[in-house]
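Structural features, examined
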Amino acid sequence: MHEMAIAVALVERVEAALRHARATRAIAVHVRVGALCGVVPEALALCFPDAACATLGDVALHVELVPVELRCRSCGVVALADAAAMICAGCGATDVEVLRGRDLELTRVEVR
Amino acid sequence: MCRDCGCEVALDRAFRAAESASAQARTGDGSDGHGHAHDQDHDHDHDHGHGDANGPAATADARVRVLALHEAILGRNDALAAVNRRWLASRRVVALNLMSSPGSGKTELLARTLSERPDLGPALTLVGDQATDHDAERLRAAGGRAVGITTHSACHLDAAMIHTALHGHLRGDERLLFIENVGNLVCPAAFDLGEGLRVALLSPPEGEDKPAKYPVLFDRADLVVLSKADLAGPCGWDGAACVAQLRRVNPRVPVITLSARTGVGMAEWYAFLEAARCA
């Protein structure tokens, strides 16, 4: 389960953000997790408190799930897709471009 | 600072460049408020790594500020991977990251390659496993240079492990770097190592539908090797069905079916390596 490594990396980024903002405490951390980024949101949520407790203390984690969104290079349709079926919802073509879903991003930190 | 590649300096620069690009990309992004570059509350300059460039937003609790960031959580790994990639490119080393379940035949494929085709040029293999040096020993016995990276509790290799190993073991005359990742179809997919090519392996005992079950790893592969082809019959494995599953996840990836035991398909693998070396 690599989510602990992801959680540790996330805590480091939050710590740095706190330093730069000269804030003393993080209250909530917001992340975006794409369906194609290889991270299980539940596992990340399970690991995060343990990764955070030593330096950040008690901090809430909010996960925004990002679905896979494809643009078809054949017919131009933009639509959501299943990660296990990277095909155009419009015409069934497989020549598609991934617009969203690879995200693994720290988007916001609420600080004091 | 490291004498070989100046990595601390390079990493710092790469990291700041990535952050700066990300700060520019979000300028004007209405979703998180206005995207101005300066904020009265901050006396920092602009190559720092942590963009509160959108400024603190007001909330109900006056003491609470919201820092809008948009930072890659694995940004540090990605920056170090970029350093590895540049470093290898500057030495004309082609790096392949081999990923699969445990037992898909990564080590057997590399052992045959190293013993059969030394003419491909000097090669270094880095082998990740949670414990033991067994695979590195097998590869050394086959005549290759191989170094084990023991990951202990970690289920994947990361860019820092590769960076350290390159410092310790890359001679500089290599043409090929094989990275045999920890046997795992999930975790290695999330970590860029700085490789040039991602190779996913899959063997008949695993079934035909692994690409559908583990799309993230197969989605980003530059080559898929269907290994242990000699087991297709005994396992009742349907190669065409497997490729059909794969095509739904990664429609245009090249596929090589081979057996490192019988030698079937090895010529195609060597042709792929030769082409990669010349690219």
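Residues numbered from 1 in each chain as written. Chains lettered and ligands numbered in written order. Predicted model: local features only at pLDDT ≥ 70, side-chain atom pairs only at ≥ 80, totals over all residues. Heavy atoms only, no water.

**Focus: the confidence of the model for chain B**
Residues and elements named next belong to chain B.
- The predicted model of chain B averages 85 in pLDDT, with 78% of residues at 70 or higher.
- Within the model, pLDDT remains below 50 along residues 26-55, and this stretch shows 47 contacts once partners closer than five positions in the same chain are excluded.
- Scoring of the predicted complex yields 0.84 for pTM and 0.90 for ipTM. (pLDDT = per-residue confidence, 0-100. Contact = heavy atoms within 4.5 Å.)

**Quick look at the interface of chain B and chain A**
- Across the contact, 39 residues belong to chain B and 37 residues belong to chain A.
- With both chains or domains summed, chain B and chain A bury close to 3300 Å², and 59% of this area falls on carbon and sulfur atoms.
- Inspection of the region where chain B meets chain A yields three salt bridges.
- One salt bridge in this structure joins Asp219(B) and Arg102(A), with 2.5 Å as the shortest N-O distance.
- Linking chain B to chain A there are 13 residue pairs in polar contact (both at pLDDT 80 or more).
- The biggest single contributor to the side of chain B that touches chain A is strand S1 (residues 65-72) of chain B, with eight residues.
- The residue makeup of the side of chain B that touches chain A, split by class, is 19 nonpolar, six polar and 14 charged.
- Where strand S6 (residues 104-111) of chain A lies against S1(B), six bridges are found, and the strand directions are antiparallel. (Buried area = accessible area lost by both parts, 1.4 Å probe. Salt bridge = Lys/Arg side-chain N within 4 Å of Asp/Glu carboxyl O. Polar contact = N/O pair within 3.5 Å; in protein donor to acceptor, adjacent residues only side chain to side chain. Helix = DSSP H or I, 4+ residues; strand = E, 2+ residues; numbered from the N terminus. Nonpolar A, V, L, I, M, F, W, Y, C, P; charged D, E, K, R; others polar. Pairing = 2+ DSSP bridges.)

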